[in-house]
Amino acid sequence: MTEGGKTARSDLWGGAGWVLFGLLIVAGSLRMDRFEAMGAQLYTMPGFVPGMIGALVALLGLLLMVRGALRRASGADAGREPAEPLLNRRIVVTMALSLLYAGLLVGRAPFWLVTALFVAAFVATFTPPGHTLPRRLGVALIAGVLTSAVVTVVFQQVFLVRLP
């Protein structure tokens, strides 16, 4: 029972975070317009799929918490090294990049450009060590451009969603 997070503590806190995130998604989906006046049924309402995904995320977070509680009760973490801090460098950088992208850039610049820059910055930042800088930047640039192109085409041409 040592697979998963490094400690029972990380499973408990991580699971709690996922439960909260899933419940926030469910709450947001319940607040969406249901288009009942237009004859929309339950399965065609805009909040249905996000609500189901949010409920699934919350359920999986709860399972992660249960696993952490079981690991703690069994003493599986006895003799292990102390846990890393919950807000380590990778998490802080991820949060900063995500907030910069979603909070400051989307809507103020073309979506395709902002998405390409975000994905490229993320890939360049988190590419495993051992790769040369030109390779790291090249892969990041290709990933950013391809991701941006696919997301833009799929949302605008397939889902008929206008992007900011």
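Relevant structure appears above.
Anyway, here's the lowdown on the structure attached to this text.

Criteria and cut-off values
- Residues numbered from 1 in each chain as written.
- Predicted model: local features only at pLDDT ≥ 70, side-chain atom pairs only at ≥ 80, totals over all residues.
- Heavy atoms only, no water.
- Phe/Tyr/Trp six-rings, centres within 6.5 Å; stacked < 30°, edge-to-face > 60°.
- Helix = DSSP H or I, 4+ residues; strand = E, 2+ residues; numbered from the N terminus.
- Buried < 20%, exposed > 50% of the residue type's maximum accessible area, 1.4 Å probe, protein only.
- Contact = heavy atoms within 4.5 Å.
- Expected span 1.5 Å × (residues − 1).

**Topic: the packing of aromatic side chains**
In this structure the tally under the stated criterion is 4 aromatic pairs. With a centroid separation of 6.0 Å and 70 degrees between ring planes, the pair formed by tryptophan 18 and phenylalanine 21 is classed as edge-to-face. With tryptophan 18 and phenylalanine 21 both in helix H1 (residues 8-30) and 3 residues apart, this pair spans about one turn of that helix. Accessibility expressed as a relative area gives 47% for tryptophan 18, which makes it partly exposed. Residues phenylalanine 118 and phenylalanine 122 carry aromatic rings whose centres are separated by 5.9 Å and whose planes lie at 45 degrees to one another, so their mutual orientation is tilted. Of this pair, phenylalanine 118 and phenylalanine 122 both sit in helix H4 (residues 111-126), 4 residues apart, roughly one helical turn. Pairwise contacts between aromatic rings join Tyr101, Phe118, Phe122 and Phe126 into one cluster.

**Describing the environment of valine 57**
Mapped onto the elements of the fold, valine 57 is located in helix H2 (residues 48-74). Put simply, valine 57 and valine 19 are 38 residues apart on the chain and 6.7 Å apart in space, counted from C-alpha to C-alpha. For valine 57, the residues in contact, after removing those within four places along its chain, are Trp18, Phe21 and Gly22.

**Comments concerning H2**
Here H2 contains 27 residues, and its C-alpha end-to-end distance of 39 Å stays within 8% of the 39 Å for a straight helix at 1.5 Å per residue. Among the residues of H2, those classed as buried are Gly51, Gly54, Val57, Ala58, Gly61, Gly68 and Arg71. Looking at the buried side of H2, the elements it contacts are H1. Phi for glycine 75, located one or two positions after H2, is positive at around 75 degrees.

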